[in-house]
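# Secondary and tertiary structure notes
As a plain string of letters, each chain reads:
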Amino acid sequence: MEIRECAALALEAGQMAVFAWHIPTDTVIGDPMFCRLFQVETPLASEDVFKLIHPEDLAGLRQAIRRTHDLDEDYDATFRVDRADGSTIWIGGRGRVIERGNDGAPLRMVGVNWDMTRSKEQEERVSHLVREMNHRVNNSFALMKAMLYLGGETYSDVSDFVDTLSAQIHALSTANLLVADVFLHQPTASQHIGLETVVRKVLHDLTQDADDPRIEIEIGRTMAVKPQDITPLTMILYELATNAAKNSILGEADGTLEVIVASLESGRAYVQWIERLDRPRERSEDQAALNEGALDGFILEHCLAKMNATLVQNEATATGFSFIFEFDAETSFSPDAL
């Protein structure tokens, strides 16, 4: 196979477009890939190409080409192209002057272009994730500091405090992983995550059994959680699960846990956490609802406020416990994207 054919095959395999610019006549010609990439037909004048460049990138592109012409540097640029069909894509370009006149003036320039839209979008998602996670880490440290202070004021049993704090650190870790997945893998950084995904993730982490017969999850309608609500919602669910592990069916007691998520006419999500014991609790102190004055109450109150959620019920009896709240959720999204 000839060297020229090998080069052509390599360009095609790499989805590379090729162009050549005859500078004295200002004539640009390109291969079929170039025409598809820019949505043009060649030959055409260079200004017809420059007209397609996004206004914010045009000056930088012209400067890069000017340095190639004047300083004999290889041309290397990244820019956006506003195409005829209304789409905007990111394009990478490399090239060089291959012929000059006796006076050193550039006569011919050749180069390649390629579509780098997906890599730029991924780069933006990563950048957005870094900013988001930095914000979340700072908030997490502030929240843990508050929990440590309040725990020292309200807990007499160190082991109980350690259990609660450990669960919430785990909750923060889980929430951050869920958020990272959203920003890295969804088409846009504003994409939401399924409410069912959050609920099942928390319960699986606590029970290590996706099919625990004691637990029933009922999701009435496909709904999603806003990215900013993932952390407080996860912390609420972890606190409820930790409480159930200490005093109810996720611990030594026999019974069932029912988690019901419904959609209200207002568009808000209605979450019911209902524990039912097979026999009454033996200790009266285990019947108390989550205490507003203690750390568990602080966590729930803080997280409900962060979500602009409404507490509907927080009630414990000898044979059960129910915690019900509602918050704004998104109902018009594609579950396949999550």
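Here we summarise the structure given alongside this text. All values derive from a computational prediction rather than experimental measurement. (Residues numbered from 1 in each chain as written. Predicted model: local features only at pLDDT ≥ 70, side-chain atom pairs only at ≥ 80, totals over all residues. Heavy atoms only, no water.)

## Some thoughts on the nonpolar core
Among the nonpolar cores identified, the biggest contains 40 residues, and L195, L233, I236, W273, F323, F325 and F327 are the most heavily contacted of them. For this core, the secondary structure elements donating two or more residues are α6 (158-185), α7 (195-207), β7 (215-219), α8 (227-247), β9 (255-263), β10 (268-277), α9 (295-306) and β12 (320-328). With nine residues, the top contributor of residues to this core is α8. In contact with F325, other than residues within four places in its own chain, are L233, I236, A269, Y270, V271, L304, A309, T310, L311 and V312. Judged by nonpolar contacts, the second largest core, of 26 residues, contains V49, I53, V81 and I91. (Core = buried A, V, L, I, M, F, W, Y, C linked by side-chain atoms within 4.5 Å. Buried < 20%, exposed > 50% of the residue type's maximum accessible area, 1.4 Å probe, protein only. Helix = DSSP H or I, 4+ residues; strand = E, 2+ residues; numbered from the N terminus. Contact = heavy atoms within 4.5 Å.)

## Side note on the pattern of salt bridges
Counted by the stated rule, this structure contains 13 salt bridges. A salt bridge links K51 to D48, with the nearest nitrogen and oxygen atoms 3.8 Å apart. By relative accessible area, which is 66% here, K51 ends up exposed. E196 is the partner of R200 in a salt bridge, and the nearest nitrogen-oxygen pair spans 2.7 Å. Of this pair, R200 and E196 both sit in helix α7, four residues apart, which is roughly one turn of the helix. Beyond isolated ion pairs, a larger network of salt bridges with shared partners links E56, D57 and R80. (Salt bridge = Lys/Arg side-chain N within 4 Å of Asp/Glu carboxyl O.)

## Some words on the packing of aromatic side chains
The full count for this structure, using the stated rule, is four aromatic pairs. The interplanar angle of 45° and the centroid separation of 6.2 Å between the aromatic rings of F19 and F34 together place this pair among those described as tilted. One end of the pair, F19, is in strand β1 (residues 17-22); the other, F34, is in helix α2 (residues 32-38), with 15 residues separating them in the sequence. No difference in accessibility class separates F19 from F34, as the two residues are buried. An aromatic cluster of at least three residues, connected via ring pairs, comprises F19, F34 and F38. One Lys or Arg, R62, reaches over the ring of F50 and ends 4.3 Å from the middle of that ring. When the ring centre of W90 is taken as origin, the NZ or CZ atom of K120, which lies over that ring, is 4.4 Å away. (Phe/Tyr/Trp six-rings, centres within 6.5 Å; stacked < 30°, edge-to-face > 60°. Lys NZ or Arg CZ within 6 Å of the ring centre and 35° of its normal.)

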